[in-house]
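# A look at the structure
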Amino acid sequence: QVQLVESGGGLVQAGGSLRLSCAASGSTFSIGPMGWYRQAPGKQRELVAAITSGGSTNYLDSVKGRFTISRDNAKSTVYLQMNSLKPEDTAVYYCYATTWNGAYNYWGQGTQVTVSS
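Small disclaimer: the values here were computed from a predicted structure and weren't measured. (Residues numbered from 1 in each chain as written. Predicted model: local features only at pLDDT ≥ 70, side-chain atom pairs only at ≥ 80, totals over all residues. Heavy atoms only, no water.)

## So, the pairing of strand β7 (residues 67-72)
Here is the rule we go by: Each residue is assigned to one of three classes by its accessible area relative to the maximum for its type, calculated with a 1.4 Å probe on protein chains only: buried under 20%, partly exposed between the two thresholds, exposed over 50%. Here a strand is any run of E in DSSP of at least two residues, a helix any run of H or I of at least four, and the numbering for each starts at the N terminus. A pair of strands counts as paired when DSSP detects no fewer than two bridges linking them.
Only one face of β7 is covered, namely the one carrying Phe67, Ile69 and Arg71; the face carrying Thr68, Ser70 and Asp72 has none of its residues buried. Summarising the sheet, β7 and strand β8 (residues 77-82) pair through six bridges and their orientation is antiparallel. Within β8, the position partnered with Arg71 by the bridge is Val78. Taking the residues that link successive antiparallel strands as the turn, the β7-β8 hairpin has four residues, and the phi of Ser76 there is positive, at about 50°.

Set out below in structure tokens:
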């Protein structure tokens with residue numbers, strides 16, 4: 001089992017920055033890719049950014065150039081640096097981790113990000 005604990009959400013004005021963190025504990029040896037999803041009210045959950053243990057990344061088109069995902073494998077932690085935030089980035093952001101074999105997905109509790117105009 002893997003537990004994920006997120007931190008770093010909050011309220012920020014448009015153009016501002018936030019940094020989300022997600023620390024994994026438990027059977028962290030089993031973790032492969034990690035990343036972030038978000039879900040805005042009335043919308044489907046969407047993948048924002050993902051990173052492999054080797055550091056390969058991919059991003060949602062609308063956040064490219066503004067968001068940066070990174071991870072510290074020694075700390076079993078993944079980060080999401082969010083710059084130039086827009087009101088449309090407002091959502092609950094969820095951290096996830098997938099096991100190496102893809103058999104299990106683990107989720108954090110979610111952290112609210114609100115961007116005011």
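From this point on, the discussion continues.
## Considerations on the sheet that holds strand β1 (residues 2-7)
Filter applied, for reference: Fitting a line to C-alpha atoms yields each axis, with helices limited to the stretch in contact; the angle taken between N-to-C directions then spans 0 to 180 degrees.
If you walk across this open sheet you meet the four strands as β1-β3-β8-β7, and the pairing is antiparallel. Because the sheet does not close on itself, it has two edges, and the strands there are β1 and β7. Averaged over all pairs of adjacent strands, the angle between strand axes in this sheet comes to 15°, irrespective of strand direction. Note: β1 against strand β3 (residues 18-26), six bridges, orientation antiparallel. Bridge pairing links Ser7 to Ser21 in β3.

## Overview of the state of the cysteines
Here is the rule we go by: Disulfide assignment relies on a single distance test, namely cysteine sulfur atoms paired within 2.5 Å.
Taken as a whole and judged by the stated rule, the model has one disulfide. The disulfide that involves Cys22 links it to Cys95, with 2.0 Å between the sulfurs. The S-S bond linking Cys22 to Cys95 shows a torsion near -75°; that makes this disulfide left-handed. You can see Cys22 sitting in strand β3 and its partner Cys95 sitting in strand β9 (residues 91-99), a full 73 residues away along the chain. Overall, Cys22 belongs to the buried group, its relative accessible area being 0%. According to the relative accessible area criterion, Cys95 is buried, its value standing at 0%.

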